[in-house]
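# Descriptive analysis of the structure
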Amino acid sequence: MSVISNEVLLKSHETYHSPDRIINNAKISSENYLKLYKKSISDPEEFWGDIAEKELFWFKKFDSVLEWNYPNYKWFEGGKINICYNCLDRHIKNGKRNKVAYIYTNENSQEIKITYGELFESVSRFANGLKSLGIKKGDRVTINMAQTIEQVIAVLACARIGAIHSVVFGGFAPHALKLRIEDAQSKLVITSTWTQRRGKKIMIKSIVDEAVDSLGYNVDIIVAQRDGDNLELIENEYDFHKLMSGSSPECEAEWMDSEDPLFILYTSGTTGKPKGILHTSAGYNLFTHFTSKTVFDLQDDDIYWCTADIGWITGHSYLVYGPLSNGATSLIVEGAPDYPNPARWWSIIEKYRVNILYTAPTAIRLFMKYGIEYPAKHDLKSLRILGTVGEPINPEAWIWYYENIGNKNCAVVDTWWQTETGGHMIATLPAVSQKPGKAGLPFFGIEPKIVDKEGNDVPVNTVGLLVVKSTWPSALRTCWGEPERYNKYWKEINGYYFAGDLATIDEDGYIMILGRSDDVLNVSGHRIGTAEVESALITHHYVAEAAVIGKPHEIKGESIKAFVVLKDNAVIDKHLVNDIKFRVRRELGSIGVPDEIEFVDKLHKTRSGKIMRRVYKAKELGMDVGDLSTIED
Ligand code: WT7
């Protein structure tokens, strides 16, 4: 749990009214929000049924809106749909063929634009390419690529033919990638030769090679070669661009059942093994479409920029599917936020006249540290909506964002949600008043509650567990191959959806998220399990045991600290700490590497042998260690 000072708590009670230019033009006014919200809760089936019919294209209309078979549910049964069709074909048919879908740029300010018409053709060709390799509906395809238009093409082509994509963030290590390929039993891996970061090339293809080498079966690999690369491909490897250009541009979109799987996305839980969150076709399409449209108040000529990596759920929902389903023009930016200089993002906003920026508090805090002189040199007046996601935003960062980036003339929209939820759950709409540091009010159809462990509502402004009363269209459908793990979400607390976050609710119904209630860390908006880091640590030959905690960090939100017990034969020299860190980087990837490692003689454990991470955390923060009656020593 994050530590919140009194001063911060006070500031988060202030209310900020959105500027008139937003209130007067927003798709959903404050009054309409309340009216529609009430309807969405009292009659969710009518609410979602109407929107589904109005907003999406169906090959065949659904017979029912929702069927609950607790803890499972089916949305839009009997419907036939394809999300790729909704993202591309229907826009082509509605006169948007020449509208720009994406503008790609990178650290060298290179620029590539692709229209809806061109994207449609590339996706269709690539989808035929996938078919020529024997990929069909229901097959799993792992995507581990650079943040490029090719990655979007790969994702959409899978959706077009009904193959289930599993995108793995490019920053994971070979072993972590291998686990994810193996768990999904993917037949194919799509990769890029390299990605760009701080002026350097990070060789992704070699990570894929290493992952695949230790795999117990054979997979095909498609490689997107970049900027004149000339990698020699071996027998089971195919060139992305050759495969695409050599395939026909005619590819009918597969008629998917509403509940046919769309993708798996692995995320961290409380055990060492990541969970494969499964999302399905229609409900996910509807919810990401409708949240994009209303939370970002997307207007037809907007330039929209979501800074997330496609490898995370934010990238899936709000860089690929949501904006495309609305026919929006998005930026896709490769490389580091502050390279080649700390003004990079502000010059991009100025150059492309960005209207909507969607980013994470960790980035905002990084720019705060650089100072206001960087944004001040740029014309940011095109901005209208400033979104934030991924971790609690401290009121200081919220206000800095509002004043220095938004020039006090934008709506700041904090969006709380998760890989599991598929789309925004708590997100105060732009025309509704905001409170800095509070995620705020629920989205349509979402009924959050703050409860104790027994499921009873806690009083206002009291810390409790965040749960959601019923299902919503883009809720996870299962954990791939682990239905028990899925059931836990609904069975932990009184039949509610258990989010794993701590939160409070105030007298106006505004919810403030305080951080995770479980052993999951949030480092720079990236979700990492303490157990995952511990498992990586003990692969080092001198490490006997390890306990990992998160510590508050000025920029990253949380930083990782590890307490390590060494084996008796360990040779402690000045290289050992770095060597252990290196081991974690090789095993898990750079996002899991501890900032601090402390050697201890033994670990505090419960009598049943569980590591008492909370004791380490309390000690580290100088807080009361609490009840130690179950401790072993
Ligand atoms: C966890 C989910 C949702 C996309 C990115 C993260 C934290 C997310 C917020 C927010 C406070 C937030 C929660 C949540 N989180 N958004 N606006 N305010 N905390 O997705 O990797 O599945 O992580 O991120 O702790 O449980 P994820």
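These figures come from a predicted structure and were not determined experimentally.

What counts, and at which threshold
Residues numbered from 1 in each chain as written. Predicted model: local features only at pLDDT ≥ 70, side-chain atom pairs only at ≥ 80, totals over all residues. Heavy atoms only, no water. Near = heavy atom within 4 Å. Areas by Shrake-Rupley, 256 points an atom, 1.4 Å probe, with all protein chains shown as cover. Helix = DSSP H or I, 4+ residues; strand = E, 2+ residues; numbered from the N terminus. Nonpolar A, V, L, I, M, F, W, Y, C, P; charged D, E, K, R; others polar. Pairing = 2+ DSSP bridges. Axes fitted to C-alpha atoms, helices over the stretch in contact; angles between N-to-C directions. Domains from an automatic or database assignment. Contact = heavy atoms within 4.5 Å. Buried area = accessible area lost by both parts, 1.4 Å probe. Salt bridge = Lys/Arg side-chain N within 4 Å of Asp/Glu carboxyl O. Polar contact = N/O pair within 3.5 Å; in protein donor to acceptor, adjacent residues only side chain to side chain. Buried < 20%, exposed > 50% of the residue type's maximum accessible area, 1.4 Å probe, protein only. Phe/Tyr/Trp six-rings, centres within 6.5 Å; stacked < 30°, edge-to-face > 60°. Lys NZ or Arg CZ within 6 Å of the ring centre and 35° of its normal.

In this section: the site of the ligand. Around the ligand, 17 residues are found, and the nearest of them are Thr415, Thr419, Asp501, Arg516 and Arg527. The fraction of the free accessible surface of the ligand (550 Å²) that becomes covered by protein chains is 96%. Taken together, the elements giving at least two residues each to the shell around the ligand come down to α12 (313–325), β20 (411–416) and β26 (511–516). With 3 residues, β20 is the largest single contributor of residues to the shell around the ligand. Residue composition of the shell around the ligand, grouped by class: 6 nonpolar, 6 polar and 5 charged.

The next subject is the sheet that holds strand β22 (residues 448–451). The strand order across the open sheet built from 4 strands is β22-β23-β25-β26, with neighbouring strands paired in antiparallel fashion. Taken across any chain shown, the strands that pair with only one partner, and hence form the sheet edges, are β22 and β26. Taking the axes of each pair of neighbouring strands and ignoring which way they run, one obtains an average angle of 45 degrees across the sheet.

Here the protein is described as being made up of domain 1 (8–445) and domain 2 (523–620). Its C-alpha centre places domain 1 at a distance of 32 Å from the equivalent point of domain 2. Listed per partner, the contact involves 27 residues of domain 1 and 20 residues of domain 2. Between domain 1 and domain 2, the buried area comes to about 1700 Å², and carbon and sulfur atoms account for 48% of it. In this structure, the connection of domain 1 to domain 2 is made through 4 salt bridges. Between Arg180 and Glu532 there is a salt bridge, and its shortest N-O distance comes to 3.6 Å. Along the contact surface separating domain 1 from domain 2 lie 12 residue pairs in polar contact (both at pLDDT 80 or more). At the level of elements, α8 (174–184) and α14 (361–370) are the ones that each hand at least two residues to the side of domain 1 that touches domain 2.

Taken as a whole, this structure holds 48 salt bridges when the rule is applied. A salt bridge links Lys187 to Asp139; the nearest nitrogen and oxygen atoms lie 3.0 Å apart. Of this pair, Lys187 sits in the loop between α8 and β8 (188–192) while Asp139 is found in the loop between α6 (116–132) and β6 (140–144), placing the two residues 48 residues apart along the sequence. For Lys187, a relative accessible area of 36% translates into the label partly exposed. Overall, the relative accessible area of 9% leaves Asp139 in the buried class. Taking the shortest distance from any N to any O, the salt bridge between Arg365 and Glu391 comes out at 2.8 Å. Of this pair, Arg365 sits in helix α14 while Glu391 sits in the loop between β19 (385–389) and α16 (395–405), and the two are 26 residues apart along the sequence. By the burial criterion, Arg365 is buried, and Glu391 matches it. A cluster of three or more residues bridged by salt bridges with shared partners is formed by Lys551, Lys561, Glu596, Glu598 and Glu620.

This paragraph deals with the packing of aromatic side chains. Counting across every chain of the model gives 46 aromatic pairs. On the basis of an interplanar angle of 85 degrees and a centroid distance of 5.5 Å, the ring pair of Phe57 and Phe59 is categorised as edge-to-face. Taking the relative accessible area as the measure of exposure, Phe57 reaches 32% and is therefore partly exposed. Each ring, one from Phe59 and one from Tyr85, has its centre 5.2 Å from the other, and the planes form 70 degrees; the classification is edge-to-face. Taken together, the residues span a long stretch of sequence, with Phe59 in the loop between α4 (44–55) and β1 (66–69) and Tyr85 in helix α5 (residues 83–93) at a distance of 26 residues. The residues Phe59 and Tyr85 share a single accessibility class, namely buried. Through pairs of rings, three or more aromatic residues link up here, namely Tyr33, Tyr37, Phe47, Trp48, Phe287, Phe290, Phe443 and Phe444. Cation over ring: Arg226 sits above Trp194, and NZ or CZ is 4.2 Å from the ring centre. One residue, Lys435, lies across the ring of Tyr510, its end atom 4.6 Å from the ring centre.

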